[in-house]
Each structure stands twice: as structure tokens, then as C-alpha cells.
Amino acid sequence: MNKKKKVTLIPGDGIGPEISAAVCDIISAAGVNIDWDVQTAGADVALEEGTPLPQRVIESVKNNKVALKAPVTTPIGKGFRSVNVALRKELDLYANIRPCKNIEGINTPFKDVDIVVVRENTEDLYAGIERQIDEDSAESIKIITRKASERIVDYAFQYALKNNRKTVHAVTKANICKLTDGLFLDCARAVAHKYPQIEYKEILVDNLCMQLVQNPSKFDVLVLPNLYGDIVSDLTAGLIGGLGIAQGANIGRECAVFEPVHGSAPDIKGLNRANPAALLLCAVNMLRYIGDYEPAAKIENALFEVIKDGKVLTVDLGGQASTTEFTEEIIRKFKAVEF
């Protein structure tokens, strides 16, 4: 028997606990021996413990080095700051990786999409340095540093090398934000010189958004500051069918947290209608990260086969299946292959 691996599981809130349970069932059925260290976070925890992100969660991820995280609700316009942002800053998870690739069986006007968004994860406007000037105005400070810019661009080129990618686009608004985005662009140019085997290009973020919906197949790896990366990664998810299949990973030098891009969907909480596919794809990448390549491939192939068949899909994917039925069909699919 393979040695049991300890992994932090943050089930989140809203639909988080439901899709977390589904993914854990699938991983267990695939024969992966994981000891889940379950750590709650979010709004309900804030009521009980005075913070949505208790220190015990941070310590768990530090100890285990890897975590699978379901969505956590972030209040809009008021309330506590994002648990996601806080977790990334606390653990210095500086690289947010969001692959977007067409999946057979999911109809979309866009074909041959295979884009990886590499988003800087620790600064920019997400540093949260804001102040109320008076009752009619407020300001937020945008932070861009050489250290953070160089390491995220270097990560993008390293990713391109390891995954046989051909091109890296640096994405900014340096024509307007001449100092902040200008610094990011200067860093990108300097790092690009170290990787002559990878084609380096530059594009303004507004032009990128237009071109992504005209001809997305021309793009490969995109590297962006935090805010642009957040927006563009949702756009690229839309190219392949939506957030229900959009995966993400937050990578640092010591730890990694794998989480889907979509929100907590509290409106369907407890209805057994949630789609666990995005979290499952995150779990597949997590398994690869910890060296469980065979079960990762088995689970991923089964998921893709279920989507391709189109017979047992959740409502957001065009079917009528419940979360439970979708989960059971994925398990049935890879068990049928085994025999």
C-alpha cells in the first residue's frame, strides 16, 4: 500500500462542502491514500472564532505543504477581506496558475483554446491599501515591485519550458500606468533574455481582451499583474465553457493550494445540484503535484469521458444530474476501464 499522504482540505462554504465531499469520494475510489486534515474557514467560522481565516488553517497548510480548497464566500463592498487573498499573502503563494483548454463535449464558439494564465498573486491593488478621503471619495494604492514581478515572469518562462509551451505574452497597461506597469514590463523584458528558446511578446490588457474573443488560439502562456490576471482568467474560462470547469492553483516556494476559480454559489447550497468538475480538476493537478500521476490520469480521463458522453451531467453543464449522480458516474467510468 502507498504511504498515506496528509493534505489540508478547506471545504469552504456555500456549495464548498458538497463538492469537497464528492471530490474526496472520487479520489478515494481511485485508490489514492490521503489523510485529509480538514480545516474550516469562511463566514460561519468568522462568527464562531472572530476571523474567517484562523491561524490553525495557515499552520495546517504550512505543515502539510499542500492543500485542496473549495470556494469561500467573499462579502462584496463590506465585511471581511477575501480569505483567498489572505491565504495567498500569508503563505507567499505568489504564482496563480489557471489553465484553460477546450474539453470535448462542452460546446463553445471557440476552438483550439489552450491558454495558461500565470497571475502574480501577492501585490498590485490586491495589497488592500485603501483609505477613505472623505464621504465622497476613496483611494487605493497599486503596488508593483521588482522582486514580485521578476519571480512571476520567471515562473511563467519556467512553466513554458517544462510544459513544451512556445510563447509567453507579458500583459500590462504600461501606456497609462507608466511607473507601475512600466516596472512590471521592464522586469519581463529582463527575464525574457534568459530564455531565448521561448518566444517573448507584449500586449496591452485591453487589446488582449479583444483578441482573446477574436482568435484565442494564437495565445499560449500569459503572464500578468494581479488584477489583470484575475479578470483575464475569468475571460479565458468563458472561452472554454465557464467557471464550472475552470481550475486554479496557487504556488509558492514552500506550499501549494489548489482551488477552483468559481464562487461558493450559496443560492444552490444543499440542493445536490453543484458541479464538482472544477474542484476535481484542481485535485487532479494536486495529485500530480504530490507525485500520484497514475490516479490523476485515471480520474481526469474518466471526467472527460463523462462530459464527452453527455448523458450524466449537472445542470450547468447542460444535463439534469445531481451532484451525487455525476460523482457516481465518474467513479463508474474509471472502474469500468479497470475491468
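Residues numbered from 1 in each chain as written. Predicted model: local features only at pLDDT ≥ 70, side-chain atom pairs only at ≥ 80, totals over all residues. Heavy atoms only, no water.

A. View of the pairing of strand β10 (residues 221–224). Alternating positions in β10 separate into two faces, Val221 and Val223 on one and Leu222 and Leu224 on the other, with burial throughout. Summarising the sheet, strand β5 (residues 114–120) and β10 pair through four bridges and their orientation is parallel. By the bridge assignment for β10, Val117 is matched with Leu222. Where strand β8 (residues 167–172) lies against β10, three bridges are found, and the strand directions are parallel. Paired with Ala170 across the strands is Val223, a residue of β10. (Buried < 20%, exposed > 50% of the residue type's maximum accessible area, 1.4 Å probe, protein only. Helix = DSSP H or I, 4+ residues; strand = E, 2+ residues; numbered from the N terminus. Pairing = 2+ DSSP bridges.)

B. Quick peek at the environment of Arg165. Along the chain, Arg165 turns up in the loop between α5 (146–162) and β8. Relative accessible area serves as the criterion here: at 14%, Arg165 is assigned to the buried category. Along the backbone, Arg165 and Gly252 are 87 residues apart, and their C-alpha atoms lie at a distance of 21 Å. Excluding its chain neighbours within four sequence positions, the residues that come into contact with Arg165 are Asp114, Ile115, Val116, Ala160, Ile198, Asp220 and Val221. Polar side-chain contacts of Arg165 include one of 2.9 Å to the side chain of Asp114. (Contact = heavy atoms within 4.5 Å. Polar contact = N/O pair within 3.5 Å; in protein donor to acceptor, adjacent residues only side chain to side chain.)

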